[in-house]
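Spelled out, the chains give:
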Amino acid sequence: MKGVEAMLYIYDQFTGLPGDKKYIEDVETWFSAPKNRTLDVDGILRDVEKGSYCDTEYFYDRFGGRLYWSFLSSGSKGAIIVANNPDWIVDMKECGDNVLECLIRNKINGNIYVDSIYRVISIPAYEVQHKLYYNDEEFNNIAELSKWRKYGHK
């Protein structure tokens, strides 16, 4: 995405889903191991699993054990789907807040669906400058989004 600013589009029950994008509700069904090592995959493995990349069949877990990609948490699988398919909307309702924070801290470009925008606002990553897009509004960080939700303006 050289020359293009990364942005995370956030959808919830309030905004609904656009009809022109593929929607992935079940990350377990759609997940496939990453074919290449990327900064996005490294960041997700580091921040969510406390592990690291091994190869196209395995990753290292937090204890240094080599596990098949299928053993990743659902949240990590969802985040990798977001990173590898930025035009799809990935349902992140079942992922932990640590995964939502990981997407923002690692400035992952993509589209996510969450059960409530308040889960995103509560993430302690206020200082991270990453474009967020919610309800036809663009925000530079979580602090702006939080202020908009609270006061109705940036």
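From a predicted model like this one, the values you see are computed outputs, not experimental measurements.

(A) Focus on the nonpolar core. Counting residues in each nonpolar core, the largest one holds 40 residues, and the members touching the most others are I10, W69, M92, I112, V120 and L145. Within the residue set of this core, elements represented by two or more residues are β1 (7–11), α2 (39–49), α3 (74–84), α4 (97–105), α5 (117–121), β8 (131–134) and α6 (142–151). Contact partners of I112, with chain neighbours within four places excluded, come to L8, Y9, I10, Y11, V82, I89, V90, M92, L100 and L103.

(B) Highlighting the sheet that holds strand β4 (residues 58–60). Pairing in this open sheet of 3 strands is antiparallel, and the strands run β3-β4-β5 from one edge to the other. Of all the strands in the sheet, just β3 (52–53) and β5 (66–68) have a single pairing partner and so form its edges. Taken together, the 3 bridges between β4 and β5 define a ladder with antiparallel strand orientation. Residue F59 lies in a different strand from β5, and its bridge partner there is L67.

(C) The arrangement of the packing of aromatic side chains in detail. Counted according to the given criterion, the structure contains 8 aromatic pairs. Both rings, one in W30 and one in W88, keep their centres 5.6 Å apart while their planes meet at 75 degrees; by these two values the pair is edge-to-face. A residue pair is termed long-range when its members are at least 10 positions apart, and W30 in helix α1 (residues 27–30) and W88 in the loop between α3 and β6 (89–91) qualify at 58 residues. An aromatic cluster of at least three residues, connected via ring pairs, comprises Y53, F59 and W69.

(D) Structural context of the confidence of the model for the protein chain. A residue-level look at the protein chain finds 92% of positions with pLDDT of 70 or above and a mean pLDDT of 87. In the model of the protein chain, α5 stands out as the element of lowest mean pLDDT, 78, in contrast to β5, which has the highest, 97.

(E) View of the packing of α2 against α4. For the pair α2 and α4, interaxial distance at closest approach is 9 Å and the crossing angle is 145 degrees. Our pair here, α2 against α4, has a crossing hand that is right-handed. Contacts between α2 and α4 involve G43, I44, D47 and V48 from the former and N98, V99 and C102 from the latter. For the contact of α2 with α4, the class distribution of residues is 4 nonpolar, 2 polar and 1 charged.

Here is what the cut-offs are and how they apply
Residues numbered from 1 in each chain as written. Predicted model: local features only at pLDDT ≥ 70, side-chain atom pairs only at ≥ 80, totals over all residues. Heavy atoms only, no water. Core = buried A, V, L, I, M, F, W, Y, C linked by side-chain atoms within 4.5 Å. Buried < 20%, exposed > 50% of the residue type's maximum accessible area, 1.4 Å probe, protein only. Helix = DSSP H or I, 4+ residues; strand = E, 2+ residues; numbered from the N terminus. Contact = heavy atoms within 4.5 Å. Pairing = 2+ DSSP bridges. Phe/Tyr/Trp six-rings, centres within 6.5 Å; stacked < 30°, edge-to-face > 60°. pLDDT = per-residue confidence, 0-100. Axes fitted to C-alpha atoms, helices over the stretch in contact; angles between N-to-C directions. Left-handed = near helix turned anticlockwise from the far one by under 90°. Nonpolar A, V, L, I, M, F, W, Y, C, P; charged D, E, K, R; others polar.

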